[in-house]
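Here are the chains, one letter per residue:
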Amino acid sequence: MRSEFPGLWKVVESRRLLWLLGLTFALIVTFQYIELPNTISSLFSSTKFPFSRNSTSLTRHSGNLAPAMAPSFPQKNATLVDDSGGGGEDEEVEVDKIFDSKENATASVGSAEPPASLPLVKDNATAPTVSHSQVKENGTAPVASAEPPASLPLVKENATAPTVSPSQVKENATAPAAGADPPATLPIVKENATAAPVANANPPAALPTLNRSSVKENATRPTTSQVEDKNSTKTDVPGVSPAVRFVPDVKEYTKMPNSGVMSISEMSKQLRRNRISHNRLAKKPKWVTKPDLELLQAKYEIENAPIDDKDPLLYAPLYRNVSIFKRSYELMEKMLKVYVYKEGDKPIMHSPILRGIYASEGWFMKLIESNDNKFVTKDASKAHLFYLPFSSRMLEVTLYVQDSHSHRNLIRYLKDYIDFISVKYPFWNRTSGADHFLAACHDWAPSETRKHFTKSIRALCNSDVKEGFVFGKDTSLPETFVRDPKKPLSNLGGKSASQRPTLAFFAGKPDHGYLRPILLSYWGNDKDPDLKIFGKLPRTKGNKNYLQFMKTSKYCICAKGFEVNSPRVVEAIFYDCVPVIISDNFVPPFFEVLNWESFALFVAEKDIPNLKKILMSVSERRYRQMQMRVKRVQKHFLWHVRPEKYDMFHMILHSVWFNRVFQISV
């Protein structure tokens, strides 16, 4: 054929050659278009993200994932690992850069080093929301369990991942771990999860930290909307979106607003949220006792209390819900039994201080340990609550080494005491201390009790949201300055509303914390004749100058010192003066039941320059109404040598009872 049609054969061969060349070129172009970008990116990639083929939470189309559900977390060289053994092969997506990390924030569990891996989000899981004020620079999150396992547990079905509060993570601080070794991996969020379980045991209600100032100012944390993905290349895998990073699984108890300051209204919302979460997540006791069932019955009766706002002793506007408070108080008087541990040596244990600014813890200890107290039982099997009778003030006086700046030996003493009673008695271990309570008024009490009393009910004078105060579990203990223990009610009361010529009064040590110098710089030294703002007043017999100002001023300024609490709050009420509280994140006493905004003013620290304007904006009618309410709420803030109904002793005990009732779960 070639000899017969030489010209035709050459044409056929040429066309075949051109066709083969064109096919080869097309294959090369196709190969480069599909495979080459990922091949090139793998040469420079520093981050790999395995993901499950079956995941629907990581969808390819961004429209399926709202911005609020896709937070980013700046941590370099992290890997999302799915070790759940779920169906489907894992496939790696190599990414050159997920985003530009502007703050080198890392979150580790029990270690200053970043964790080896971050959690993979399984099907339909809701991502945690993290505001940029919530995580501080170079902060590390603490461990939730006493002994961290090799890997933290899975978050089961229908759980909503929690948010991280600024009270839980500090700037440049490594929170103390409960165990020696950090876990190898962080938790994995399973499909449709709604509640995050805990590692080994329930996590502490407030994360441990010994630093007085939990949240630094002007700290920000990048979010998805703020961080730009730069130089990112991704594999085109059907149904899979770019990997999303999540913060470690930390239980939310005290969520802070973006400003770092929790207002009174925000505190009320957090209290309601915690009531719901406690009902759902409360750890059940190891075995159920008759007192547990009695608490459940009390809870039902309180929640279904009949409307009763006509009691002449209880003025309804003073309370969140006067009917609930009244029914709860009645049931407390009817059934509550408290067991007081007799173990422990003086002076730290069983040594009440009845004078000075730490008197609240002493008076409560004295009255509950008195022989004729009807709430105390010697039969621990009948007890609803167990009281730990130590004095935080005497703990400091006895054990603190001057200028050591260390509380470790104080914390160790309390831990040894808990170990002792938990070995001798079964009560602590039955509930992990959830039915035990303490009353402590020293500034250091929150840090001393945070680690080993995470489940216990703490009545604290230093009720600071940023120091780990847990709404619905802890309660705010009134700080009272008792000058004469034999006559705790001396000089009670003050002038009527029409006989108070001074608009506002304050006196106190000017170098006691950062706030008072600011207050004095704006309003001190008679800068305004209507505001009597002083440093420390000259000492007089019976402190008459100070008392006279309190009794003749419309408003008494309660400015924080080193901590959020101040005895001036109770002093103002004692002398019929409307309290003006200037202390961000301070939880006022008996917050569970009292409507503080009905008889007190709260001024943000940043609003000190506008103090007079704020006070003058209150009408005379409104002021007289508030002063009348101060007089009516006064009975809740009085100590009696022999306790009386609705007095301070009963109100402290009621707050502990009330919180325990709404935590009970069997």
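In what follows, the structure referred to is the one given above.
Criteria and cut-off values
Residues numbered from 1 in each chain as written. Predicted model: local features only at pLDDT ≥ 70, side-chain atom pairs only at ≥ 80, totals over all residues. Heavy atoms only, no water. Core = buried A, V, L, I, M, F, W, Y, C linked by side-chain atoms within 4.5 Å. Buried < 20%, exposed > 50% of the residue type's maximum accessible area, 1.4 Å probe, protein only. Helix = DSSP H or I, 4+ residues; strand = E, 2+ residues; numbered from the N terminus. Contact = heavy atoms within 4.5 Å. Patch = residues over 30% accessible without salt bridge, like charges linked within 9 Å, V, L, I, M, F, W, Y side chains within 5 Å. Areas by Shrake-Rupley, 256 points an atom, 1.4 Å probe, with all protein chains shown as cover. Salt bridge = Lys/Arg side-chain N within 4 Å of Asp/Glu carboxyl O. Lys, Arg positive; Asp, Glu negative; His and termini not counted. Charge placed at Lys NZ, Arg CZ, Asp CG, Glu CD. Disulfide = S-S within 2.5 Å. Expected span 1.5 Å × (residues − 1). Arc of directions from axis to C-beta. Polar contact = N/O pair within 3.5 Å; in protein donor to acceptor, adjacent residues only side chain to side chain. Pairing = 2+ DSSP bridges. Axes fitted to C-alpha atoms, helices over the stretch in contact; angles between N-to-C directions.

Draft legend 1. Structural context of the nonpolar core. One finds Phe-364, Phe-437, Tyr-555, Ile-557, Leu-611, Leu-653 and Trp-657 to be the most contacted residues of the largest nonpolar core, which totals 98 residues. Ranked by the residues each element gives to this core, the list is headed by helix H16 (residues 648-661), at 9 residues. With residues near it in sequence (within four places) discarded, Leu-611 still touches Leu-519, Trp-523, Leu-531, Ile-557, Val-580, Ile-582 and Val-603. Among the nonpolar cores identified, the runner-up in size contains 25 residues, and Ile-348, Ala-383, Phe-386 and Tyr-400 belong to it.

Draft legend 2. Expanded view of a positive patch on the surface. Taken together, the side chains of Lys-290, Lys-337, Lys-374, Lys-382 and Lys-645 define a basic patch exposed on the protein surface. Along the chain, the position of Lys-382 falls in the loop between helix H6 (359-368) and strand E6 (385-387).

Draft legend 3. The state of the cysteines, seen in detail. Going through the model one piece at a time under the given rule, you end up with 2 disulfides. Note on cysteine connectivity: Cys-441 is disulfide-linked to Cys-461, with sulfurs 1.9 Å apart. Sign of the S-S torsion, about -90° for the bond between Cys-441 and Cys-461, identifies this disulfide as left-handed. In this pair, Cys-441 is assigned in the loop between strand E7 (436-440) and helix H10 (445-449) and Cys-461 in the loop between strand E8 (457-460) and strand E9 (475-476), connecting sequence segments 20 residues apart. In this structure Cys-441 comes out as buried when scored by relative accessible area, which is 1%. Each sulfur of the disulfide joining Cys-556 and Cys-577 lies 2.2 Å from the other. A torsion of 110° about the S-S bond marks the disulfide between Cys-556 and Cys-577 as right-handed. Of the two residues, Cys-556 is situated in strand E12 (residues 553-559) and Cys-577 in the loop between helix H13 (568-574) and strand E13 (578-582); the sequence distance between them amounts to 21 residues. The residues Cys-556 and Cys-577 share a single accessibility class, namely buried. What connects to what in the protein, once the bonded cysteines are numbered by sequence position, is 1-2, 3-4.

Draft legend 4. Geometry of helix H15 (residues 620-633). For H15, built from 14 residues, the straight-helix expectation of 20 Å at 1.5 Å per residue is met to within 8% by its first-to-last C-alpha distance of 20 Å. Along H15, the residues classified as buried are Tyr-623, Met-626, Gln-627, Arg-629, Val-630 and Val-633. End-on, the buried residues of H15 take up no more than an arc of 160°, which puts them together on one face. If you follow the buried residues of H15, they end up packed against E12, H13, E13 and strand E14 (601-602).

Draft legend 5. Main features of the pattern of salt bridges. One pass over the structure, following the stated rule, counts 19 salt bridges. In this structure, Glu-467 and Arg-450 form a salt bridge, with 3.1 Å as the shortest nitrogen-oxygen distance. Residue Glu-467 is found in the loop between E8 and E9, and its partner Arg-450 is found in the loop between H10 and E8; the two are separated by 17 residues along the sequence. Relative accessible area serves as the criterion here: at 4%, Glu-467 is assigned to the buried category. Overall, the relative accessible area of 2% leaves Arg-450 in the buried class. Among the ionic pairs, Asp-474 bridges to Arg-458, the shortest N-O distance being 2.9 Å. Placement of Asp-474 in the loop between E8 and E9 and of Arg-458 in strand E8 is noted, with a sequence separation of 16 residues between them. The pair formed by Asp-474 and Arg-458 is uniform in burial state, with each residue classed as buried.

Draft legend 6. Region of interest: the environment of Arg-320. For Arg-320, the location among the structural elements is in the loop between helix H4 (290-303) and helix H5 (322-335). For Arg-320, a relative accessible area of 33% puts it in the partly exposed group. Note: C-alpha distance between Arg-320 and Val-593 (273 residues apart in sequence) is 5.5 Å. Beyond its immediate sequence surroundings of up to four residues, Arg-320 is in contact with Ser-268, Leu-271, Phe-591, Glu-592, Val-593, Leu-594 and Asn-595. Within polar-contact distance, the side chain of Arg-320 engages the side chain of Ser-268 at 3.2 Å. Side-chain polar atoms of Arg-320 contact the backbone oxygen of Phe-591, separated by 2.7 Å.

Draft legend 7. Region of the structure containing the side chain of Ser-665. Along the chain, the position of Ser-665 falls in the segment after H16. In this structure Ser-665 touches Ala-282, Lys-283, Lys-284 and Pro-285, once residues within four positions along its chain are discounted.

Draft legend 8. Molecular detail of the sheet that holds E13. Taken in spatial order, the 5 strands line up as E11-E10-E12-E13-E14 in an open sheet, and their pairing is parallel. In this open sheet, the two edge strands, each paired with only one partner strand, are strand E11 (531-534) and E14. One ladder, built from 2 bridges, connects E13 with E14; its direction is parallel. Along E14, the bridge assignment pairs Ile-581 with Phe-602. The sheet strands contacting helix H11 (residues 515-523) are strand E10 (502-507), E11, E12 and E13, and the helix crosses E11 at an angle near 135°. Relative to the sheet, H15 contacts E12, E13 and E14, its axis offset from that of E13 by approximately 95°.

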